[in-house]
Amino acid sequence: MMAIPGSRSSSTTSTNKGTCSVCIKAVKWVPVLFILSIVVWSYYAFVVQLCIITIESTIQKVIYLVVYHLLFFMFIWAYFQTIFTNIGQVPSQFKLPEGELERLTHAETEEMQNAILERFSQNLPNRNRTINGNVRYCEKCKHVKPDRSHHCSVCGECVLKMDHHCPWVNNCVCFTNYKFFILFLGYALLYCLFISMTSVQYFITFWRGGLEGMGRFHILFLFFVAVMFAISLASLFFYHIYLVSVNRTTLEAFRSPVFYHGPDRDGFNLGRRKNFMQVFGENPKLWLVPVFTTSVDGVIYPVRAQPPSSSYHTMENSQTSLGDGTAFDKRPSTEDMEELLYEINYEDE
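Residues numbered from 1 in each chain as written. Predicted model: local features only at pLDDT ≥ 70, side-chain atom pairs only at ≥ 80, totals over all residues. Heavy atoms only, no water.

As recorded in an unreviewed UniProt entry, the chain goes by Palmitoyltransferase and comes from Nicrophorus vespilloides.

The structure is reproduced here in structure tokens:
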């Protein structure tokens, strides 16, 4: 059989790429494995060295172990939910059909490209724009970006209501797992605070020379690690509680989302109660449970009523309000846009 020229080299290249991809995926799990190793060690140090070996009072042992395991369970549950919850996908109606994609690729000017995207997105529930007032389009995923979505270079796709990519969970923190992430931070903080408060007296005893054996070193490091993690977690947890209260993502905190009327950092702010319920749902019994209760679909987000601005569009493109503070933008429609669309259609014929 005659060998196909270059087949071996292409096969080798494909194999190398596959090996590199596997290695990269494996490396991404290193931070998660580090956190889990710390958690496993802390379990041994607290349960075995502190509660079983060091503490003498049976009642104190039982109380400590019951509270500890409750916090431990909720912390691990929320952590795994944050890690393994799928980031979701952009709905298919946002993806350009082959015909529209072909026209977009061969459009001669940026104005023609914008006209094609404007025409395609007329029936999409989008209010966010680029800084230039154009339709937000992802050239890598070949679709119009839903509101609050961004392309994650690590995940390699657009993510709904992307907050940030977190290496400690090897996942994007976004629409599908944002509640889990906040609960993970909250329960991890309580976990560390509980360990710190219950081990501090034995930490003091250690310094006074009252503890003997190798177990004292476990208790010493347990206290230090718990305090350090508590400080770090507290700053993250309260920052994200603030972001929930103003209905803002980490990305939106650094760069304000742009609407038809212009940039507005509080464009999605509906008030603290509505903002909180948008993430945690309407059932108070499930607010502290790591199950999905978010009240929106990840694509359509209500916005607050705002005065129109002439910096991006004219007065005819102002918002329509439902009377409850929630507003929906009217889409721009100008004669220039119609002329561009007519020109494109005529050229295609």
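Read on for the rest.
Peer 1: Summarise the overall build of the chain; cite the residues concerned and give the values.
Peer 2: On a plain count of helices and strands, the chain comes out with ten helices and eleven strands. Across the 349 residues that make up the chain, the buried fraction comes to 45%. Residue pairs at least 24 apart in sequence account for 63% of intrachain contacts in the chain once pairs closer than 6 positions are excluded. (Helix = DSSP H or I, 4+ residues; strand = E, 2+ residues; numbered from the N terminus. Buried < 20%, exposed > 50% of the residue type's maximum accessible area, 1.4 Å probe, protein only. Contact = heavy atoms within 4.5 Å.)

Peer 1: So what's going on with helix α4 (residues 98-106)? Which residues, and what values?
Peer 2: Of all the positions in α4, only E100, L101 and L104 are classed as buried. For α4, the arc enclosing every buried residue in end-on projection is 100°, short of the 170-degree limit, so these residues lie on one face. Set apart from the buried face of α4 by more than 90 degrees, the exposed residues are E98, T105 and H106. Those residues of α4 that are buried lie in contact with α5 (110-120) and β1 (137-138). (Arc of directions from axis to C-beta.)

Peer 1: Describe the UniProt feature "transmembrane region" (unreviewed entry) in the chain, naming the residues involved and giving the relevant values.
Peer 2: In the numbering used here, UniProt assigns the "transmembrane region" (unreviewed entry) feature to residues 32-55, 62-80, 180-207 and 219-242. For residues 32-55, the end-to-end C-alpha separation is 31 Å, with 96% helix and 0% strand making up the annotated structure. In the segment residues 180-207, helix accounts for 100% and strand for 0%; the C-alpha atoms at its two ends are 39 Å apart. (UniProt positions renumbered as here; feature names shortened; annotations may be inferred.)

Peer 1: Could you give me a rundown of the packing of aromatic side chains, with the residues and numbers involved?
Peer 2: Counted under the stated rule, the structure contains 27 aromatic pairs. Measuring from ring centre to ring centre gives 6.1 Å for Y64 and F194, while their planes differ by 80°; the resulting arrangement is edge-to-face. On the criterion of sequence distance, the pair formed by Y64 in helix α3 (residues 58-84) and F194 in helix α6 (residues 178-207) is long-range, its members being 130 residues apart. Owing to a relative accessible area of 14%, Y64 belongs among the buried residues under this scheme. Judged by centre distance (4.5 Å) and plane angle (10°), the ring pair of F276 and F280 falls under stacked. Linking F276 with F280, this pair stays in helix α9 (residues 272-280), spanning four residues, or about one helical turn. F276 gets classed as partly exposed once you look at its relative accessible area, which sits at 27%. A relative accessible area of 4% places F280 in the buried class. (Phe/Tyr/Trp six-rings, centres within 6.5 Å; stacked < 30°, edge-to-face > 60°.)

Peer 1: A description of the nonpolar core should follow, citing residues and the corresponding values.
Peer 2: With 46 residues, the main nonpolar core has F46, Y68, F75, Y178 and F184 as its most contacted residues. Mapped onto this core, the elements with two or more residues apiece are α2 (30-54), α3, α6, α7 (215-245) and α9. With 14 residues, α6 is the largest single contributor of residues to this core. Contact partners of F46, with chain neighbours within four places excluded, come to C51, Y64, Y68, F194, I195, T198 and L222. (Core = buried A, V, L, I, M, F, W, Y, C linked by side-chain atoms within 4.5 Å.)

Peer 1: Tell me about the packing of α4 against α5, and name the residues and values.
Peer 2: Where α4 contacts α5, the axes come no closer than 8 Å and their chain directions differ by 160°. When the axes of α4 and α5 are compared, the pair comes out roughly antiparallel. The two elements α4 and α5 meet at a crossing, and its hand is left-handed. Counted together, E100, R103 and L104 of α4 and Q113, I116, L117 and R119 of α5 form the full contact between these two elements. For the contact of α4 with α5, the per-class residue count stands at three nonpolar, one polar and three charged. (Axes fitted to C-alpha atoms, helices over the stretch in contact; angles between N-to-C directions. Parallel < 35°, antiparallel > 145°, perpendicular 65-115°, else oblique. Left-handed = near helix turned anticlockwise from the far one by under 90°. Nonpolar A, V, L, I, M, F, W, Y, C, P; charged D, E, K, R; others polar.)

Peer 1: Help me get a handle on the pattern of salt bridges, residues and values and all.
Peer 2: A full pass over the atoms with the stated rule returns six salt bridges. The closest approach of N and O atoms between R103 and E100, which form a salt bridge, is 3.7 Å. Separated by three residues within a single helix, R103 and E100 lie in helix α4, roughly one turn from each other. Residue class for E100 comes out buried when judged on its relative accessible area of 16%. Residue R129 is joined to E118 by a salt bridge in which the shortest nitrogen-to-oxygen separation is 2.2 Å. Taken together, the positions of R129 in the loop between α5 and β1 and E118 in helix α5 put the pair eleven residues apart, joining distant regions of the chain. With respect to class, R129 is no different from E118; both count as buried. Overlapping salt bridges bring together E100, R103 and R119 as one network. (Salt bridge = Lys/Arg side-chain N within 4 Å of Asp/Glu carboxyl O.)

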